[in-house]
Amino acid sequence: MIAALAWLTGSTWGRYAAIGLLAAAAIGLLLWRAYGAGETATRAKALENTIDALQTRIETDDSLRALSPDTRRQRLQQWSTDP
């Protein structure tokens, strides 16, 4: 291990190799962070869509609940019959 470290710091090619490894590690870290940010954004969008669907369902249920039984039956019968 010490010999590899001495080669990296002691020779010109070793320094180039060390710089290349550091650059590759930095690029890898940037890509990893970008992927993580994209995954977080995707999860947030999915959660937003779920909340929107739930709000729509609640509004629909409330509007049906507010109707009289006869009106509700007629409205729901429109959805349940085949065209």
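To keep things clear, this report deals only with the structure shown in the data block. Quick caveat, the model's predicted, so the values are computed rather than measured.

Procedures and definitions
- Residues numbered from 1 in each chain as written.
- Predicted model: local features only at pLDDT ≥ 70, side-chain atom pairs only at ≥ 80, totals over all residues.
- Heavy atoms only, no water.
- Helix = DSSP H or I, 4+ residues; strand = E, 2+ residues; numbered from the N terminus.
- Rg over C-alpha atoms; globule rule 2.2 N^0.38 Å.
- Buried < 20%, exposed > 50% of the residue type's maximum accessible area, 1.4 Å probe, protein only.
- Areas by Shrake-Rupley, 256 points an atom, 1.4 Å probe, with all protein chains shown as cover.
- Lys, Arg positive; Asp, Glu negative; His and termini not counted.
- Charge placed at Lys NZ, Arg CZ, Asp CG, Glu CD.
- Salt bridge = Lys/Arg side-chain N within 4 Å of Asp/Glu carboxyl O.

Counting its secondary structure elements, the protein contains three helices and zero strands. Its C-alpha atoms give the protein a radius of gyration of 31 Å, more than 25% over the compact-globule value 12 Å for 83 residues. Residue burial in the protein is summarised as follows: out of 83 residues, 4% are buried. With an accessible surface of roughly 7600 Å², the protein has 66% of that area assigned to carbon and sulfur atoms. Of the charged side chains in the protein, 9 are positive and 8 negative; the average position of the first set lies 9 Å away from that of the second.

Moving on, we come to the pattern of salt bridges. Inspection of the entire model under this criterion finds four salt bridges. Residue Arg43 pairs with Glu39 through a salt bridge whose shortest N-O separation is 3.1 Å. Of this pair, Arg43 and Glu39 both sit in helix H2 (residues 12-65), four residues apart, which is roughly one turn of that helix. A relative accessible area of 60% means that Arg43 is categorised as exposed.

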